[in-house]
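# Examining the three-dimensional arrangement
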Amino acid sequence: MTHGNAPAAVPRSTFVVTAHAGDFVWRAGGAIALAASRGQKVTIACLTFGERGESASAWREGRKLAEIKALRREEAEKAAAALGAEIRFFDAGDYPLTETPELTDRLVEVYRATQPDVVLTHPVEDPYNGDHPAANRMALQARVLAQAIGYPGEGEIIGAPPVFYFEPHQPEMSGFRPEVLLDITEVWEIKRKAMECLAAQQHLWDYYTDLAVRRGVQLKRNAGPNLGLAHRTMAEAYMRPYPQIAKELA
């Protein structure tokens, strides 16, 4: 509700930079669904379709590259819609995802267009998949450039939105520490529905369901009195590369 000529409040904005078509679902689908359910705008920059390295079942079926890209795009569009997010495809090619000034410039444009309050992306390390660190580096570089008033490009400069790294598939081998545990219980069924849009990676449905259960147990253990009562809490884990800004410790 607004009073007089007061402008309507601008909804919060979340920007997700993901290397492949499925990454944003497995690793941050709960955060995306939570934000969307609260009326926030969520924009996903999907750098590749994961057509070469993340679509093994389609290759084994004898599909061709163009067909696989179309398949993965359709899956990602359905998953993003299920979560309540807008998705933009960069089609940069995976395995390897090559960092280029052009890709970084395109990310700067999206940063300035969406003015994010929160950024979600891959962590710095992943010895099993070089595309993920490449996406991380471009996401962070573009965030800095989007803040520079002298950097060319359309749109207003951005502030310094906090960055959260979502959990990699092999956290122990990727230097990942679960510093933030996000309760996604209220939107778990939405995330699961989005996961089931990714038929090309069906083998991961149960893995990421089990992971959400384990992170939920850890969340409850760190949330107050641990009475040993039965519960069904689902969670996602995140890291923070930059300091948390606060006026009191909480």
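The written sequence of each chain sets the order in which its residues are numbered from 1. With the structure being a predicted model, the display of local features is reserved for residues of pLDDT at least 70 and the display and counting of side-chain atom pairs for 80 or more, all residues being used for whole-chain, interface and lining totals. The basis for the side-chain values is all heavy atoms of the structure; hydrogens and waters are excluded.

## Section: the overall build of the protein chain
Looking only at helices and strands, the protein chain has 7 helices and 7 strands in total. Taking 2.2 N^0.38 as the reference for a compact globule, 250 residues should give roughly 18 Å; the C-alpha atoms of the protein chain span a radius of gyration of 18 Å, in line with that estimate. Considered along the principal axes of its C-alpha atoms, the protein chain spans approximately 60 × 55 × 35 Å. Sequence separation of at least 24 residues holds for 75% of the intrachain contacts in the protein chain that already meet a minimum separation of 6. The averaged location of the 32 negative side-chain charges in the protein chain is 3 Å from the averaged location of its 28 positive side-chain charges. Helix and strand definitions here come from DSSP, where helices need a minimum of 4 consecutive H or I residues and strands a minimum of 2 consecutive E residues; each element is numbered from the N-terminal end. Restricting the calculation to C-alpha atoms gives the radius of gyration, and the globule rule supplies 2.2 Å times the number of residues raised to the power 0.38. Contacts are assigned to residue pairs with any non-hydrogen atoms lying within 4.5 Å of each other. By the counting rule applied here, Lys and Arg register as positive and Asp and Glu as negative, while His and the ends of each chain are not counted. Every charge is mapped onto a representative atom, which is NZ of Lys, CZ of Arg, CG of Asp or CD of Glu.

## Overview of the pairing of strand β2 (residues 41-46)
Partly exposed describes any residue whose relative accessible area lies between the buried limit of under 20% and the exposed limit of over 50%, with all areas from a 1.4 Å probe on protein chains only and scaled to the type maximum. Within β2, 5 of the 6 residues are buried, leaving the element largely enclosed by the surrounding structure. Pairing analysis gives 6 bridges linking strand β1 (residues 13-18) to β2, with the strands arranged parallel. Of the residues in β2, the one forming a bridge with Ser 13 is Lys 41. Two strands qualify as a pair provided DSSP detects at least 2 bridges between them. Where β2 and strand β3 (residues 86-89) come together, 4 bridges link them in parallel fashion. Within β3, the residue paired with Ile 44 across the bridge is Ile 87.

## Some details on the pattern of salt bridges
Oppositely charged side chains are able to pair whenever their charged atoms sit close together. One speaks of a salt bridge when a side-chain nitrogen belonging to Lys or Arg is within 4 Å of a carboxyl oxygen belonging to Asp or Glu. As enumerated under the stated definition, the model contains 16 salt bridges in all. With its nearest N and O atoms 3.0 Å apart, the salt bridge here joins Glu 86 to Arg 88. Using a relative accessible area of 31% as the deciding quantity, one classes Glu 86 as partly exposed. Taken together, the salt bridges that share partners define one network made up of Lys 41, Glu 86 and Arg 88.

## Describing the environment of Asp 23
On the secondary structure map, Asp 23 appears in helix α1 (residues 23-37). Polar contacts, as used here, are pairs of N or O atoms within 3.5 Å; protein pairs need one atom able to donate a hydrogen and one able to accept it. Residues neighboring in sequence count only if both atoms are side-chain atoms. Reaching out from Asp 23, the side chain makes a polar contact with the side chain of His 20 at a distance of 3.0 Å.

## Quick look at unusual backbone geometry
For residues that are not glycine, phi is negative in most cases, and the peptide bond is trans in most cases. Omega for the bond connecting Tyr 95 with Pro 96 falls within 30 degrees of zero, at 5 degrees, which places this linkage in the cis form. Among the secondary structure elements, Pro 96 is positioned in the loop between β3 and α4 (101-114). Phi angles above zero are rare outside glycine, and Asp 91 is one such case at about 50 degrees. As for its placement among the helices and strands, Asp 91 is situated in the loop between β3 and α4. By relative accessible area, Asp 91 is classed as partly exposed at 38%. Backbone geometry places Gln 115, a non-glycine residue, at a positive phi of 45 degrees. Examined against the element boundaries, Gln 115 turns out to sit in the loop between α4 and β4 (118-121). Judged by its relative accessible area of 33%, Gln 115 is partly exposed.

## Description of the nonpolar core
A general feature of soluble globular proteins is that nonpolar side chains tend to end up buried together. We define the nonpolar core as a collection of buried residues of types Ala, Val, Leu, Ile, Met, Phe, Trp, Tyr and Cys that are connected through side-chain atoms lying within 4.5 Å of one another. Among the nonpolar cores identified, the biggest contains 40 residues, and Val 16, Phe 24, Ile 32, Ile 44, Ile 87 and Leu 120 are the most heavily contacted of them. Broken down by secondary-structure element, the contributors of at least two residues to this core are α1, β2, α3 (65-83), β3, β4, β5 (163-166), α6 (188-195) and α7 (205-221). It is α1 that provides the largest number of residues to this core, a total of 9 residues.

## Considering a negative patch on the surface
On the surface, Glu 102, Asp 105, Glu 109 and Glu 154 cluster together to form a negatively charged patch. Mapping Asp 105 onto the fold places it in helix α4. Each patch groups residues whose relative accessible area exceeds 30% and which form no salt bridge, using 9 Å between like charges and 5 Å between nonpolar side chains of Val, Leu, Ile, Met, Phe, Trp and Tyr. Residue burial considers only the protein chains on display, and all accessible areas are found by Shrake-Rupley using a 1.4 Å probe.

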